[in-house]
Amino acid sequence: MGLVVESRPSELPYIERVWRSRSDDVGRMMSVATAHWELVFWEHQGGVQAAVLGPEAQASLAPVPDDAVFFGISFALGTSMPHIPVSRLVGGNAAIPDVTRRSLWLKGSAWHVPDYDNAEAFVRRMVREGIVDVDPVVPAVLGGRGPEVSERTLQRRFVAATGLTQGAIRQIHRARQAAVLIQEGLPAQEVVHRLGYFDQPHLARSLKRYVGRTATQLSAPDEAEPLSLLYKTCP
């Protein structure tokens, strides 16, 4: 069975995607690089846990607990929790203590545990109570609207809000897009042309670093560890 993943977009600008997953008979997977931080809940062997997962600057193999159920909120770029700086979470995580199936403690307050269908209400409360904030410079620049700040200030704000440089974010997004196109059957040479890689070796290095796969492996997914561009492993 492997990993069964379901995801959906959100109308809330603070959220990139909402996802849920179940693991079955899979011991490890390729954790793909991502520029987004996430709030993730999972149930395993009768226990419930939650953590804030930071961005991943490169792909890596990670263990997957068997017969576990996951639910996650992937936050939009530029969104952050000031009391847990995302710049300190790159490649890591921060556990949320005292979680049950019904409740959790978050910054000194009791909260109902969210689920796949009411993630937006949970995040709206986070925004109202100042737990989640957004630096408008990040989505503006990524959307092609350059603010009137120096390049040095821009880079500093990107790293503070996302944990990554603007260049790293673009490289991660391009590699993930390339992986999707190759999985859909587009030849590697066409992917090079469409996404602006210098040549096929450049594409190959990018895929290996950020996706952990070669173009051949992406075309034959049954020959390697499970991979999903919508799934991120938990600690």
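This write-up is about the structure you can find in this document. (Residues numbered from 1 in each chain as written. Predicted model: local features only at pLDDT ≥ 70, side-chain atom pairs only at ≥ 80, totals over all residues. Heavy atoms only, no water.)

**Considerations on helix α4 (residues 166-183)**
Consideration 1: Taking 1.5 Å as the rise per residue, α4 with 18 residues should run 26 Å; its terminal C-alpha atoms sit 26 Å apart, in good agreement.
Consideration 2: Here α4 has its buried residues at Q166, I169, I172, A175, R176, A178, A179, L181 and I182.
Consideration 3: On its buried side, α4 packs onto α2 (137-142), α3 (151-162), α5 (188-195), α6 (200-210) and α7 (215-219).
Consideration 4: Just beyond α4, the residue with positive phi is G185, at close to 105 degrees. (Helix = DSSP H or I, 4+ residues; strand = E, 2+ residues; numbered from the N terminus. Expected span 1.5 Å × (residues − 1). Buried < 20%, exposed > 50% of the residue type's maximum accessible area, 1.4 Å probe, protein only. Contact = heavy atoms within 4.5 Å.)

**A closer look at the side chain of Q166**
Consideration 1: Among the structural elements, Q166 can be located in helix α4.
Consideration 2: Discounting residues that sit within four places of it in the chain, Q166 has contacts with V141, E151, L154, Q155 and F158.

**With respect to the pattern of salt bridges**
Consideration 1: Per the stated rule, a full pass over the model turns up seven salt bridges.
Consideration 2: A salt bridge links R20 to E6; the shortest N-O distance between them is 2.9 Å. Highlighted residues: R20 in strand β2 (residues 15-24) and E6 in strand β1 (residues 2-8), separated in sequence by 14 residues.
Consideration 3: For R101, the salt bridge is made with E43, and the minimal N-O distance between the two is 3.3 Å. Taken together, the residues span a long stretch of sequence, with R101 in the loop between β9 (93-96) and β10 (103-106) and E43 in strand β4 (residues 38-44) at a distance of 58 residues. (Salt bridge = Lys/Arg side-chain N within 4 Å of Asp/Glu carboxyl O.)

**Concerning α6**
Consideration 1: Looking only at α6, the buried set comprises H202, L203, S206, L207 and Y210. Each buried residue of α6 lies within a common arc of 130 degrees when the element is viewed along its axis, so the set occupies one face.
Consideration 2: Elements in contact with the buried residues of α6: α4, α5 and α7.
Consideration 3: Measuring from the backbone nitrogen of H202 back to the side-chain oxygen at the start of α6 gives 2.9 Å, which picks out D199 as the cap.
Consideration 4: Downstream of α6 by a residue or two, G212 has a phi angle that is positive, lying close to 75 degrees. (Arc of directions from axis to C-beta. Polar contact = N/O pair within 3.5 Å; in protein donor to acceptor, adjacent residues only side chain to side chain.)

**Re the environment of Q58**
Consideration 1: In this fold, Q58 is placed in the loop between β5 (47-53) and β6 (60-63).
Consideration 2: Separated by 141 residues in the primary sequence, Q58 and D199 have C-alpha atoms spaced 21 Å apart.
Consideration 3: Setting aside its immediate chain neighbours within four residues, Q58 contacts S31, A33 and R209.

**Digging into the nonpolar core**
Nonpolar side chains in soluble globular proteins tend to end up buried together.
Consideration 1: L104 and M126 are the most contacted members of the largest nonpolar core, which has 29 residues in total.
Consideration 2: Elements with a minimum of two residues in this core: β2, β4, β5, β7 (69-75), β9, β10 and α1 (119-128).
Consideration 3: When residues in this core are grouped by element, the largest group, four residues, is from α1.
Consideration 4: Not counting the four nearest positions on each side in its chain, M126 is found in contact with F75, M81, L106, W111, I131 and V132.
Consideration 5: Counting residues in each nonpolar core, the second largest holds 27 residues, with A33, V141, A161 and A175 among its members. (Core = buried A, V, L, I, M, F, W, Y, C linked by side-chain atoms within 4.5 Å.)

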